[in-house]
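Inside the fold
What follows is each chain in one-letter form.
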Amino acid sequence: MSNKILLIRPQNIYNYNNYPPLNLISIGSKLKSSGYDVKIINCAFEKDPLETISNELQDVLFAGISLLTSEAPDAYRIMKHIKDNSKVPVVVGGWHCTLFPEQMANCEYVDYVIAGEGEEYILEAAEMLKSGVKGESKIFHKRLLNPESLPLPDYDIDKGIEKFIGNYLTDKLSEYAQQPMRWLPYESSRGCPSHCTFCINVVTDNTRYRKKSAGKVISEIGYIVKKYNLTHLKIIDDNFFVDIRRVREICEGIISKGINITWDGECRCDYFREGMLNDKTLELCRKSGLIQLTLGIESGSPHTLQLMKKGITTEQAEFAVKKCSKHKIIARSSFILEIPGETLGDIKQTILLINRLRKYPYFT
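A brief look at the structure comes next. This is a predicted model, so every value here is computed, not measured. (Residues numbered from 1 in each chain as written. Predicted model: local features only at pLDDT ≥ 70, side-chain atom pairs only at ≥ 80, totals over all residues. Heavy atoms only, no water.)

1. A closer look at the pairing of strand 2 (residues 37-42)
A regular strand places its side chains on the two faces of the sheet in alternate fashion. The following threshold applies: Note on pairing: two strands pair once DSSP finds at least 2 bridges between them. The numbering of helices and of strands both runs from the N terminus, where a helix is a DSSP run of H or I of at least 4 residues and a strand a run of E of at least 2. By convention, orient the strands away from the viewer: a clockwise path from the first strand over the helix to the second makes the crossover right-handed.
Across six bridges, the pairing between strand 1 (residues 4-9) and strand 2 is parallel. Within the sheet, the bridge partner assigned to Leu 6 lies in strand 2 and is Lys 39. For the handedness criterion, the β-α-β arrangement of strand 1, helix 1 (residues 22-33) and strand 2 is classed as right-handed.

In structure tokens:
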């Protein structure tokens, strides 16, 4: 039985392809470390994606497709094509499948559905298909993994990884990062303990924070920065700053190891306080290369923030932006309008807050 596995990233309806498929790289790394031959096809970069897939279907153990809802139309087209032209099993996963596992399992083109994190399940699916044993259910139900046990992502599994490394980042940080900018996304933890009503982590019960140790993070960062000659690292954790002691250890490690990069991450506004992101910690982060924080401000209306269960105040939001500007860290701020229950008055309060924050030079 073949050890070859095809992992496919469908095209999305927005034609937005700035980030490498870290999800496929991560599950592909798990498969590769277990002896499987893995190939990633990124349909956005193929002249004729279906023809490319057809050329790779011979002697394939299974085709794995990870999809967001915005990628579902193309994913269905790909699955139908595979089933019309081969007997290759199709295994699907990703956020869309985590949200709608039963719907995906009812699709005639799908053999197995992986809900939630896929590194362990993808290996189970491979072993099951290789042995010819049929699963009791088409659905691998969601379970949480320990990031510490996962292998270092092997970005080389995506043969087009260099396209992403040198690609333009739409963030304002590109004005402050080292040039030419060479970057990759990196994940050091999973889950967020906050309960914002609009967040997919709440909907999918992914609120238990799980992390790699500081030592593992420093080692992995040092390796990938050197291997790919990176100048910037985009930390894509849902909430990088939950464990502030770990953050300090990581920053100290980056400095002591002489890892010369800039980096950015996401942070809550209420973390800018003593014991968390105080001036001393912000100075340390800045020294280690931090140039941008994405702040989930979301609204200038206390009523809307309460509807969102955001757990912050507009005063905390302004204080966070002020502190970022003090330490020359870009405050990349997100806002949401017209959530259910929001009024025109709430929206006007958000506009007023945005205009007030414009006085801080690093607010964007």
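On we go.
2. Observations concerning the pairing of strand 11 (residues 262-267)
Our working definition: Note on exposure labels: buried denotes an accessible area under 20% of the residue type's maximum, exposed denotes more than 50%, and partly exposed covers the range between, all computed with a 1.4 Å probe on protein chains only.
Counting buried positions over the six residues of strand 11 gives five, a clear majority of the element. As paired elements, strand 10 (residues 232-235) and strand 11 share three bridges and run parallel to each other. If you follow His 232 over to strand 11, its bridge partner there is Thr 262. With respect to chirality, the unit in which strand 10 leads through helix 10 (residues 244-256) into the neighbouring parallel strand 11 is right-handed. Bridging between strand 11 and strand 12 (residues 290-298) involves five bridges; their strand directions are parallel.

3. Digging into the nonpolar core
This is how the line gets drawn: Only buried residues count toward a nonpolar core. Its members are Ala, Val, Leu, Ile, Met, Phe, Trp, Tyr and Cys residues joined through side-chain atoms within 4.5 Å. Contacts are assigned to residue pairs that have any heavy atoms within 4.5 Å of one another.
Core analysis: the largest hydrophobic core is formed by 75 residues, its most contacted members being Phe 241 and Leu 295. Considering every element that reaches this core, the biggest residue donor is helix 6 (residues 119-131), with seven residues. Apart from residues no more than four positions distant in its own chain, Phe 241 is found in contact with Val 247, Trp 263, Glu 266, Cys 267, Tyr 271, Met 276, Leu 277, Cys 285 and Leu 293. Within the second largest apolar cluster, 27 residues are counted, among which are Cys 43, Leu 57, Val 60 and Ile 78.

4. Let's talk about a nonpolar patch on the surface
The following threshold applies: Patch membership requires more than 30% relative accessible area and the absence of a salt bridge. Residues of like charge join within 9 Å; the nonpolar side chains Val, Leu, Ile, Met, Phe, Trp and Tyr join within 5 Å. Method for areas: the Shrake-Rupley scheme with a 1.4 Å probe, in which residue coverage is limited to the protein chains shown. Every case where a carboxyl oxygen of Asp or Glu lies within 4 Å of a side-chain nitrogen of Lys or Arg is listed as a salt bridge.
The grouping of Ile 13, Tyr 14 and Tyr 16 at the surface amounts to a nonpolar patch, some 380 Å² of accessible area in total. Take Ile 13: it is sitting in the loop between strand 1 and helix 1. Residue class for Ile 13 comes out exposed when judged on its relative accessible area of 57%.

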